[in-house]
Amino acid sequence: MIFSFDLLINAIISGVLIGGFYAAVTAGVSLSFGILDIVNIAHPAFIILGSYVAYIVNVSFGFDPILTAIVMLPAFYILGAAIYQVYYVSFEKRGEESLRGLAFFFGLLFITEVSLVLYFGVDYRYVEAPYIGPTLHFGSVDLPLRLLVPCLVSLLLIAVLQLVLTRTFIGRAIMAVSQDQLALRLMAIDPIRIKRIAFGISIATASLAGAFLIIIQPVEPSVGREYIGRVFAICVLGGMGSLPGTVIAAMLIGIVESFTSTFYGPSWAPAVSFGFLLLTLAVRPAGLLGR
Amino acid sequence: MNGVANNLLEIDNLGKRFGGFVALENISLSVPNGERLGLIGPNGSGKSTLVNCICGTLQNEAGTVRFDGATLDGFTAHQRTRKGLARSFQLPRPFASLSLLDNIRIPLLYTVEARGRRHSTSEVEERCDHCLREVGLQDKARHLPRDLTQVEMRKLELARAMAAEPKLLIADESMAGLTHSEVEDILALLVRLNEQGVTIILIEHIMRAVMSFSRRIVVLVSGRKIADGQPDDVMRDPEVERAYLGQ
Amino acid sequence: MRSGPFLLICLVLGGAVYGAAALLDNDYIFFAGYVVLQYVVLSTAWNILGGYCGYVNFGSAAFFALGAYSTVAIHKFTTINETVAVPIPILVLMAGVVSGVVGYGMGYLTLRLRGAFFAIATLALAVVLETLVVNWDFVGGSRGAYILRPSEIAPFGNYVRYLFLIMVVLAAAAVTVARLIERSRLGYGFATIRDDELAAEALGVPTLQLKLIATTISGALMGMAGAPFPYYIGFLQPSSTFGLDYAVNSIAMPLIGGTTSWVGPVIGALLLGSLEQIATVTISSAINLLIVGCLLVGFVIVAPRGIIGLVQTYRRSKPEEFAARRPIDADAPEATP
C-alpha cells in the first residue's frame, strides 16, 4: 500500500465525481423505492438500456450522448408508466406486492439484459464525445472531464428533481401519495395516476443515467448487475427518498469505493457498497438522513 | 413477591413515543386476578398501543409491565403469550392461507403445547372445534378467512386468542358491527371465560356492553389515564363526560 | 404416506431414471439430468424459506458456491497434504454443515428486516461472500480452480453417472425434507410467518427461531447441491458460480411450479430445467436467461399460484366438485394440508 498525498487527493476527487454520477443513478430508485415503496430491482437494466440508446445514436449520427438522453426522456417516461400500469394491475391491486412484485422486476432485469446481449453481444461499447479524454490539471490534482461533466449534469438533474418534488403540484402530490393515499383521494386526485407519473419519471432518469454511465466507462449488458447493490445501498443510506440524502450517501460511497480501489485493489471494491448496505440495514435502516 | 393484592397485571408509569408523537404517558394500572376490566376512550387515545406494549408487539420506552409477579421486560411477544397473555387484534389478522380450523390450531400447537401439555391429534381437533363452537363458527371450520364476513372475522380473532388458554385475555373491539343478540352472545362467552378463571380486559365502544360486563372501568384520553374506578363513578366523572361521552 | 416410504419411492424413481438412461447408453442424458436434479434441490431449498415462510432470498448462488468452494478447499488440502481424497458423499455433508452455519449467520443478521429489505440484504451478503472468495488465493481466487475429475469409476462407468446418482439421492432427500416440514408443526409455523408474522408472534409462534431454522436448512441444502459441482464442471469460475443465474432460476422454478407445496419446485425445476437444457443445445445458452425471465414475468402476472394453482383452479371448475358451488375464483388459495 503506497500512500502518497497525491494519490489520496485524487482518490477523493474521483470519488466525489463518481459519487455525483451515482446520485443520478440512484435518483430513480429514490423515487420508486424510497417514495413509492416499489422494489424496482431492474432499474440498473434500464440504465444500461439508456447507455445502449446513447451508443447507437452516437455511433450512427455522432450526437452527444447527454443530448440524446434528454431527447429520449419522453420515451423512457412512457416505458416507465407502462411498466407501472402492469405492476399495479398485477400486484398492487391484489395486495401481493412483496414476493411476486420482486420476482416481476427480477424477471424484467433478465429480459432486458439478455435481450441486449442477444442484439449487441457482450463486447464493451463506448461513445465518443469532445469531453471524453481531456483532463484538467490543477497542480497534482487531475480532473478528468469524462467524470466531471456527468457529475455536474447529474447534480443539475437532482436539483431539478428536487425542485419538481417540492415546488410543483405534481411533485408534492407524489410526496403525498407515499404518506396518505386516502387524503389524496379525498382531494379528488387519483393516487394511481400520481404513482404512474412518478414511476415514469423514475425510469426517465435512467435514460440520463445511462448516458452518464457510457461516458464514464465502456458498457456491456451485465454491467448493470454491479449497480443493483450500489443503488439500493445509496438509497437506504440516504434516507429512502430524500434526494439531498441520496447525494450525500452517493458521494460517501463513491469516496470509500475510490479509496478501496486505489489502496487495496479493485477486486475489493464491490464489497464496499454492499458491505455498507448491510451495515446500514443492520444499524440504522432509516438511513443517515432518515425519514 | 407477596403483595397485599394478587395483581395479575401491573403497569407502572408506562410511556411510549413514536418519534415526536407521545402515544402513551405515565400509564399506571393494576388488574387483579379474575377482574373484568373495561378499557374505553376515544379513537386514537392509545388503547391499542397500550395493548401492544403489554403484549410485546411494541416496545415501551418508559415504565414496566409486570405479569404474574414477574417483569415482562425483555420478553418477546410469543414468550409473553406463553406466559398467559393473549389478545385479539382490533383489525382482524387471520392467517389467510389457513382454514379456520388451522387458524385455531396455531395457538394450540405453539402456546399450549409449549407449556408442556401434549395433546393427541384427536384432542387437538376437538379443542379447535370447541373454540369455533364457542363463537358459532363451527360450520365454517374448513373455510378460508376470505370467505368470512367482517363480523365473523372478529369472532375468529376472539376464538383464536381464547385457544391460547390465557390467564389474561385482552379483547380489542371484538364486538364492532355485531347485532344486539350477537353482542349478548359474546358477552355471555366472556362471562363464562371469566367464571372459569380468565381475567379479561375488554376494549369497546359499545357502552352498553362495557357497562354490563365491567366491574371496573379505565378511561384513556390522548395517551393518558383520566379515570379508573367503578363503572357508575367513572361514567359520572365530569372529565370523562367532557372528553369522551359528551362527544 | 409417511416420510420413510416416500423417500424410498423417490429413490426408486431416481434409480429407474438412472437405469433407463444407462440402457440408452447416452452419457449426455446424465450430464443434462445432473443439472436438472441440481435445480430440483436448489428450488426446493429456496422454497423452504421463500415459499413456506415468505422470505425472498436473492443469494441462492452464494450458498451454492459455498458448497462448491468448500469442496475445492478440501480437495486442495488433501492434495497438498497427499492424504486420501475425501469421497463426494462426505464432501456433500461437509458442505451442508458449512452452508448451514452461514445460513444461520445470515438469518441472524438479516431476519429482523422486513420483506424487501431482507431480499436486498441477501443480495448484499451474496456479493460480500463472492468478494471474499475471489480474494482468497488458496481456492484460486479470480483465476478459478481446476479439479481433475477421474474419467471412470466402477461400477458406474463414466464418472458423470456416479455424480448423477449422488444428485438423485440429494434430490430425493431434499424433497423428503420439504414434505416432512410441510406436514409438521413446523410447516404450520412457517405458514403463519408468511401470512402474518405479527399475529403469529402474538399467538405464541417463536418467529425468529423458526425463521432461523428455515434459513439454516435452506442454506445447507443449497450448499449440498453445490458440493459435487466442481467435479461435474472441472473448472470453477467465481463469476459464473456466484452468478445471478442461479438466483433467478431458484426463484423462478418454485414460482412457476407453485410455492405452497413441495410439488411446485419439483415441477418447476423439471420443466424449466429441461427446457433450458434443450435450449442450450439447440439455440444458445444465453437464450436460457431470456426464457427464464419471460416465464417468470409471465407466470407471476398471469398465474401467481404457479402450475399447482392452475391445476387447482381447473379441478375446482369441474361440476362434480362440491367447492364449485361457490363462484369460480382463479385466485383463491387452497388451504394447506
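Residues numbered from 1 in each chain as written. Chains lettered and ligands numbered in written order. Predicted model: local features only at pLDDT ≥ 70, side-chain atom pairs only at ≥ 80, totals over all residues.

(A) Molecular detail of the domain arrangement of chain C. Residue and element names in this part refer to chain C. By the assigned domains, chain C splits into domain 1 (3-302) and domain 2 (303-337). Between domain 1 and domain 2, the contact holds 15 residues from the first and 9 residues from the second. Elements with a contribution of two residues or more to the side of domain 1 that touches domain 2: α11 (244-257), α12 (263-282) and α13 (286-302). For the side of domain 1 that touches domain 2, the class distribution of residues is 8 nonpolar, 6 polar and 1 charged. (Domains from an automatic or database assignment. Contact = placed C-beta atoms within 7 Å. Helix = DSSP H or I, 4+ residues; strand = E, 2+ residues; numbered from the N terminus. Nonpolar A, V, L, I, M, F, W, Y, C, P; charged D, E, K, R; others polar.)

(B) Quick look at the interface of chain C and chain A. In this assembly, 34 residues from chain C lie in contact with 34 residues from chain A. Among the secondary structure elements, those contributing two or more residues to the side of chain C that touches chain A are α5 (115-134), α11 and α13 of chain C. Looking at which element gives the most residues to the side of chain C that touches chain A, the answer is α5 of chain C, with 13 residues. Residues that form the side of chain C that touches chain A fall into these classes: 28 nonpolar, 6 polar and no charged.

(C) Inspection of α11 of chain C at higher detail. Residues and elements named next belong to chain C. For α11, spanning 14 residues, the distance from its first C-alpha to its last is 20 Å, which sits close to the expected 20 Å at 1.5 Å a residue. Counted residue by residue, α11 has 13 buried out of 14 residues, so it is predominantly covered. Looking at the residues trailing α11, positive phi occurs at glycine 258, about 125 degrees. (Expected span 1.5 Å × (residues − 1). Buried ≥ 20, exposed ≤ 12 C-beta atoms within 10 Å, placed from the backbone.)

(D) Focus on helix α8 (residues 207-226) of chain C. Over its 20 residues, α8 of chain C extends 29 Å from the first C-alpha to the last, a length consistent with the 28 Å expected when each residue adds 1.5 Å. Of all 20 residues in α8 of chain C, 17 are buried; the element is thus mostly enclosed.

(E) Structural context of the sheet that holds strand β10 (residues 224-229) of chain B. All names here are of chain B. A sheet is described by the order of its strands in space; here 6 strands give the open sequence β6-β7-β8-β3-β9-β10, paired in mixed fashion. Either end of the sheet is taken by a strand with one partner, and the two such strands are β6 (85-87) and β10. Across the sheet, the mean angle separating the axes of adjacent strands is 15 degrees when strand polarity is ignored. By the bridge criterion, 3 bridges tie β6 to strand β7 (residues 168-172) in an arrangement that is parallel. Bridge pairing in β7 links arginine 87 to isoleucine 170. Helix α6 (residues 180-195) contacts β3 (36-40), β7 and β8 (199-203) of the sheet and is inclined by roughly 155 degrees relative to β8. (Pairing = 2+ DSSP bridges. Axes fitted to C-alpha atoms, helices over the stretch in contact; angles between N-to-C directions.)

(F) Just the environment of serine 60 of chain A, in detail. Mapped onto the fold, serine 60 of chain A is located in helix α2 (residues 43-61). Distance from serine 60 of chain A to isoleucine 234 of chain A, taken between C-alpha atoms, is 35 Å for residues 174 residues apart in sequence.

(G) Examining the pairing of strand β2 (residues 141-144) of chain A more closely. Residue and element names in this part refer to chain A. Pairing geometry for strand β1 (residues 135-138) and β2, over 4 bridges, is antiparallel. Paired with histidine 137 across the bridge in β2 is aspartate 142. The hairpin turn running from β1 into β2, its antiparallel successor, is 2 residues long, and glycine 139 in that turn takes a positive phi close to 65 degrees.

(H) Geometry of the environment of asparagine 81 of chain C. Residue and element names in this part refer to chain C. As for its placement among the helices and strands, asparagine 81 is situated in the loop between α3 (60-80) and α4 (88-110). Classification of asparagine 81 as exposed rests on a count of 8 C-beta atoms within 10 Å. For the pair formed by asparagine 81 and aspartate 137, sequence separation is 56 residues and the distance between their alpha carbons is 17 Å.

(I) How the structure looks around the arrangement of the chains. Between chains A and C lies the most contact-rich interface of the 2 pairs of chains that touch. Over all C-alpha pairs, chain A and chain B never come within contact, reaching a minimum spacing of 10 Å.

(J) Spatial organisation of the sheet that holds strand β2 (residues 21-32) of chain B. Residues and elements named next belong to chain B. An order of β2-β1-β4-β5 is seen for the 4 strands of this open sheet, with the pairing classed as antiparallel. Every other strand in the sheet has two partners, leaving β2 and β5 (70-71) as the edge strands with one partner each. Bridge count between strand β1 (residues 7-18) and strand β4 (residues 62-67): 5 bridges; the pairing is antiparallel. Residue pairing across strands places leucine 9 opposite phenylalanine 67, the latter belonging to β4. Sheet contacts for helix α1 (residues 47-55): β1, β2 and β4; angle to β2, the most-contacted strand, approximately 65 degrees.

(K) Representation of the packing of helix α9 (residues 224-237) of chain A against helix α10 (residues 243-264) of chain A. Residues and elements named next belong to chain A. It is the contact of α9 with α10, at a shortest axis distance of 8 Å, that shows an interaxial angle of 130 degrees. With respect to α10, the axis of α9 lies oblique. In this structure, the crossing between α9 and α10 has a hand that is right-handed. Each of Arg230, Ala233, Ile234, Cys235 and Leu237 in α9 lies in contact with α10, whose residues at this interface are Thr246, Ala249, Ala250 and Ile253. Here the contact of α9 with α10 is built from residues that sort into 7 nonpolar, 1 polar and 1 charged. (Parallel < 35°, antiparallel > 145°, perpendicular 65-115°, else oblique. Left-handed = near helix turned anticlockwise from the far one by under 90°.)

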